[in-house]
Amino acid sequence: MTPEEYERWMIRDCARCGRRASKSAEWSDGPICRTCYDRAMRVRGRCPCCDNDRLLPGRDTDGAPICRDCAGIVRDFFCDRCGFEGLLLGGRLCEHCTLADTLARLLDDGTGRVAPAFLPLVKILLEMDRPKSRLIWLRNPNLVRLLQGPATGRIPLTHDGLHQETPWRTVTHLRDQCQQADIDAWHTECGATRRPTQSFLRWCMTSGRMPRLTLPPAVITQDSEPLHQHRRLAILRRVLNDVSLPLRARVAGALVLLYAQPVSRIVRLTVDDVIDDETS
């Protein structure tokens, strides 16, 4: 085939976007360019023709997405390993299976298995949307070196170990694996000690030291019933007279009961805040 014949065969006007480009497929509605092909591999839903919920790469006469069977597309798009219907890469494997194989190869600790320390990273990457973007990320030779080094033990898997490596941008991106799920889990485990760190996390996001994530809102829990007067006086009498209680707790309790001051303000009080007017 001459170059001219090849161009006439492969360079076509796309039936969907109208752009003149190399065709990636020849479907019932005409030649399809690579951009439209990849976009078609993301369309899922219930086919209006057969009512099956699946991949909808085809188009009917009105331009509505339909499944490959109803569109008359001969090629199937089922992964040879997991059976998922979607975009297929090398070896007729879906993006997810291809990513799993790539990570297993890059993070092999020399025993044919992923290094145990990298299992959480693998789990995060496999659970993210659009596995193909992770595959593109893993093409970076500097990233490959920075992953294989700690996996095989050539580079210590510590901040100091990674700090010695270059380029610094790739190192920084690799060290920041903080995701929304990490923030949510961290606050859920021990909210009382996590809340004071929110100002620091906001600074990290503002300064670009971590991704912009959503911090869980502060939850203020209150008793369902107000404290009645006789109950308040009984507790106040105890904090004034019960010497078995710590003095600091008695003073704090008295301030809460007498002046309804929040605990966050009471803990900031010092002896200098006490005014003795010699009236009692």
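Scroll up to find the structure.
First things first, this report covers the structure right here in the doc.

Rules behind the numbers
Residues numbered from 1 in each chain as written. Predicted model: local features only at pLDDT ≥ 70, side-chain atom pairs only at ≥ 80, totals over all residues. Heavy atoms only, no water. Pairing = 2+ DSSP bridges. Helix = DSSP H or I, 4+ residues; strand = E, 2+ residues; numbered from the N terminus. Axes fitted to C-alpha atoms, helices over the stretch in contact; angles between N-to-C directions. Buried < 20%, exposed > 50% of the residue type's maximum accessible area, 1.4 Å probe, protein only. Disulfide = S-S within 2.5 Å. 1 Å grid on protein atoms, 1.4 Å probe; cavity = no way out; pocket = protein on both sides within 12 Å on 5 of 7 lines; lining within 4 Å. Points joined across faces, edges and corners; volume = space filled by probe spheres on them. Nonpolar A, V, L, I, M, F, W, Y, C, P; charged D, E, K, R; others polar.

1. Observations regarding the sheet that holds strand E1 (residues 11-13)
Ordered in space as E1-E2-E3, the three strands form an open sheet in which the pairing is antiparallel. What marks the edges here is a single partner per strand, and that holds for E1 and strand E3 (30-33). Averaged over all pairs of adjacent strands, the angle between their axes in this sheet comes to 70 degrees, without regard to strand direction.

2. With respect to unusual backbone geometry
Residues other than glycine seldom take positive phi values, yet Asp51 does so here, at roughly 65 degrees. Mapping Asp51 onto the fold places it in the loop between strand E4 (44-46) and strand E5 (53-55). Even without being glycine, Arg92 reaches a positive phi, approximately 55 degrees. With respect to the helices and strands, Arg92 occurs in the loop between helix H3 (68-71) and helix H4 (95-106). With relative accessibility at 29%, the residue Arg92 sits in the partly exposed group.

3. Description of the environment of Leu138
Mapped onto the secondary structure, Leu138 falls in the loop between helix H6 (131-137) and helix H7 (141-152). Between the C-alpha atoms of Leu138 and Leu106, which are 32 residues apart in sequence, the distance is 9.0 Å.

4. Here's the deal with the pairing of strand E2 (residues 20-27)
Regular strands place side chains that alternate from one sheet face to the opposite one. Pairing of E1 with E2 involves three bridges; the strand directions are antiparallel. In the strand pairing of E2, Asp13 is matched with Arg20. Where E1 folds back on E2, the antiparallel hairpin that results is connected by six residues, among which Gly18 adopts a positive phi of roughly 80 degrees.

5. Considering the state of the cysteines
Counted under the stated rule, the structure contains zero disulfides. The closest cysteine sulfur to the non-disulfide-bonded Cys17 is located on Cys14, 3.7 Å from its own sulfur. On the basis of relative accessible area, Cys17 is assigned to the partly exposed category, the value being 42%. Left without a disulfide partner, Cys97 is nearest to the cysteine sulfur of Cys94, which lies 3.7 Å away. Exposure remark for Cys97: the relative accessible area of 7% places this residue in the buried category.

6. Observations concerning the layout of surface pockets
A probe as big as a water molecule, rolled over the atoms, marks out the empty space that is left. Within this model, the largest pocket holds a volume of roughly 470 Å³. Counted by class, the lining of the largest pocket contains 13 nonpolar, one polar and two charged residues.

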